[in-house]
Amino acid sequence: MEHAIWWQVYPLGATGAPIRGEHGAPAHRLRRLEHWLDYVVELGCNGLLLGPVFASVAHGYDTVDHFRIDPRLGDDTDFDDLVATARDRGIHVMLDGVFNHVAREHPLVTSRPDLIRHVDGAPKGWEGHDALVELDHANPAVADLVVDVMTHWLRRGIAGWRLDVAYAVPTGFWRDVAARVRADFPDVVLLGEVIHGDYSGFVHDSTLDSLTQYELWKAIWSAIADRNLWELAHALDRHAAFAADFLPATFVGNHDVTRIATTLGAPGAGLAAAILFTLPGMPSVYYGDEQGFTGTKTEAWHGDDEVRPPLPPTPADLSPLGAALHRTYQEAIAFRRRHPWLATAALEVTHRANEQLAYRLVGRDSQTAEVAVDLASGSLHATADGDHLRYMQA
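Bear in mind the structure is a predicted one, so any value in this text is a computation, not a measurement.

J.: What should I look at first to understand the nonpolar core in this one?
T.: Trp7, Trp161, Tyr359 and Leu380 are the most contacted members of the largest nonpolar core, which has 124 residues in total. Sort the elements by how many residues they give to this core and helix α10 (residues 260–276) lands first, with 10 residues. Judged by nonpolar contacts, the second largest core, of 10 residues, contains Ala4, Trp6, Ala249 and Met282.

J.: Sorry if this is basic, but what is going on with the pattern of salt bridges here?
T.: Pairing between side chains of opposite charge can happen when the charged atoms of each approach one another. As enumerated under the stated definition, the model contains 30 salt bridges in all. The closest approach of N and O atoms between Arg31 and Asp78, which form a salt bridge, is 2.6 Å. Remark: Asp78 occurs in helix α3 (residues 76–88) and Arg31 occurs in the loop between α1 (11–14) and α2 (37–43); sequence separation between them is 47 residues. Note that Glu134 is salt-bridged to Arg117, the shortest N-O span being 2.8 Å. Taken together, the positions of Glu134 in strand β10 (residues 129–134) and Arg117 in the loop between α4 (108–111) and β7 (118–119) put the pair 17 residues apart, joining distant regions of the chain. Classification of Arg117 by relative accessible area gives partly exposed; the value is 36%. The network of salt bridges with shared partners includes Arg31, Glu34, Asp78 and Asp81.

J.: Whenever I open this one, the sheet that holds strand β11 (residues 160–163) confuses me. Can you help?
T.: Neighbouring strands of a sheet are bound in pairs by backbone hydrogen bonds; such pairs are parallel or else antiparallel. The strand order across the open sheet formed by 8 strands is β13-β12-β11-β5-β2-β1-β15-β14, and the pairing between neighbours is parallel. Unpaired on one side and paired on the other, β13 (210–211) and β14 (249–250) mark the two borders of the sheet. Two strands pair when backbone bridges link them, and strand β1 (residues 6–9) and strand β15 (residues 282–286) are joined in this way by 3 bridges, in the parallel orientation. In the sheet register, Trp6 faces β15, and the bridge partner there is Ser284.

J.: Mind showing me how you'd approach the layout of surface pockets here?
T.: Unoccupied space between atoms shows up once a probe the size of one water molecule is rolled over them. Here the largest pocket defines a volume of roughly 1200 Å³. Where the lining of the largest pocket is concerned, the elements lending two or more residues are α1, β10 and α8 (214–226). Per element, the largest residue contribution to the lining of the largest pocket is 3 residues, and it comes from β10. Broken down by class, the residue content of the lining of the largest pocket amounts to 19 nonpolar, 10 polar and 12 charged. Space inside the second largest pocket adds up to approximately 270 Å³. Those elements that provide at least two residues to the lining of the second largest pocket are α10, α11 (323–338) and β20 (387–392).

J.: Can you help me understand the sheet that holds strand β18 (residues 368–374) in this one?
T.: Taken together, 5 strands build an open sheet; the order of strands is β16-β17-β18-β19-β20 and the sheet is antiparallel. Each edge of the sheet is formed by a strand with only one pairing partner; in this case those strands are β16 (346–352) and β20. Ignoring strand direction, the axes of neighbouring strands in this sheet form an average angle of 15°. Sheet analysis places strand β17 (residues 356–362) next to β18, joined by 7 bridges and oriented antiparallel. From the neighbouring strand, Tyr359 faces β18, where its bridge partner is Val371. The strands touched by helix α9 (residues 229–245) are β16, β17 and β18; relative to β16, the strand with the most contacts, the crossing angle is about 155°. α11 contacts β19 (379–384) and β20 of the sheet and is inclined by roughly 155° relative to β20.

J.: Got a minute to help me understand the packing of helix α5 (residues 140–155) against helix α6 (residues 171–184) in this structure?
T.: The description of two helices packed together rests on the angle between their axes and the distance between the axes. One way to put it is that α5 packs onto α6 with a least axis distance of 10 Å and a crossing angle of 40°. One way to sum up the angle between α5 and α6 is to call them oblique. In the packing of α5 onto α6, the handedness of the crossing is right-handed. On α6, the residues touching Val142, Ala143, Asp144, Val146, Val147, Met150, Thr151 and Leu154 of α5 are Phe173, Trp174, Asp176, Val177, Arg180 and Val181. When grouped by side-chain class, the residues that make up the contact of α5 with α6 number 10 nonpolar, 1 polar and 3 charged.

Analysis parameters
- Numbering of residues begins from 1 in every chain and follows the order in which that chain's sequence is written.
- Local features in this predicted model are restricted to residues whose pLDDT is 70 or higher, and side-chain atom pairs enter the listing and the counts only when it is 80 or higher, whereas totals over whole chains, interfaces and linings include all residues.
- Side-chain metrics rest on all non-hydrogen atoms present in the structure, leaving aside hydrogens and water.
- As used here, the term nonpolar core means buried Ala, Val, Leu, Ile, Met, Phe, Trp, Tyr and Cys residues forming a set that is joined through side-chain atoms within 4.5 Å.
- Residue exposure (1.4 Å probe, protein chains only): buried if accessible area is under 20% of the type maximum, exposed if over 50%, otherwise partly exposed.
- Strands here are runs of E lasting at least two residues and helices are runs of H or I lasting at least four, both read from the DSSP assignment and numbered beginning at the N terminus.
- Here a salt bridge means any side-chain nitrogen of Lys or Arg lying within 4 Å of a carboxyl oxygen belonging to Asp or Glu.
- Following DSSP output, two strands are said to pair if at least two bridges run between them.
- Detection works on a 1 Å grid of protein atoms alone, calling trapped sets that fit a 1.4 Å probe cavities and calling open sets with protein on both sides within 12 Å along at least five of seven lines pockets, with lining residues defined by an atom within 4 Å of a point.
- Grid points are joined across faces, edges and corners, and a volume is the space filled by probe spheres set on the points.
- The classification used treats Ala, Val, Leu, Ile, Met, Phe, Trp, Tyr, Cys and Pro as nonpolar, Asp, Glu, Lys and Arg as charged, and all other residues, Gly among them, as polar.
- Inter-axis angles, ranging from 0 to 180 degrees, are taken between N-to-C directions of lines fitted to C-alpha atoms, where helices are fitted over the stretch in contact.
- Contact criterion: two residues are considered in contact whenever any of their non-hydrogen atoms come within 4.5 Å of each other.
- Every angle not falling under 35 degrees, over 145, or within 65 to 115 is termed oblique; those three ranges are roughly parallel, roughly antiparallel and roughly perpendicular.
- Each crossing gets its handedness from the near helix: less than a right angle anticlockwise from the far helix is left-handed, clockwise is right-handed.

Note that every value here comes from positions in space, so none of it alone points to a role or purpose.
So this is what it looks like as structure tokens:
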């Protein structure tokens, strides 16, 4: 985990699969991602974090069969080939496990109603989404199901699981499931989606390996946008405490939020990336952020579409307009690769002001790095053992 840098992809969107309406004949779109694996390596990542790939009604988070690849993406052979091709390049694959809820059309809703939460005799929708019904995590059979799903795909070669809506599931449920899965797969990576709250307490009680560090995500873009590095300094103080307890999953973009280049423009997005890769944690890059993809997340029915677009057929088909930001990401990730101890470093803010921020990182073996951010010039300068990372907004 300490050496993992993930490239996160939403497969249904990235491969151009239809999200709504008639899906049509089964397709082998998952193979399109194989064209991007060398690109992932050249970017500096060694992990492929896939959004939902299981059979679903529409967007993937409305699962109808956890043991079957969505026919819009392909079949078992397509999946196995992607995992094998990734492994040949030293890339680990993580899957998105939606275990808080299922689609209302899932066969279990009628065949095993005891596995579903009910209110007034009807299946309980999740957070007002009537198309999604909650599993009853108090029923041991639900834990059996989740363990079966996890171990099935771990046997197929994946490295771990991103646990969707982990915050809505009792921590005791995760603790039980994690222990049973680790009995057969001790190196599995279990990453929980948690938006806010007591991160350290959740990790301790659930025994998950990592959680999504939304506080840091919010502070990075907001501090740059508002030219208020006091906000980021406060978040770094908290991040330092989290990183002392566990390895937080850090990011500046994902499938659920407005694209960082939309919020900050490409120059600001480059600064955000430079900050990200100098901080402790397990970082991920959301596909296209490194190219300056734009898109706004809204609460409308199609509100996720802009932030989950198709990739071009191959990296050669990318617009040259993203080349400068791509180089920024490569340089920032390369700095992180040259100093892998940063993942678990102790973090201390040494200077804070509206537009200036400095912080120090100390490794387990007394390695040190100094980072200075200056919003007036739009720059970041990091130095570690005589090595430098410099970013200056164009």
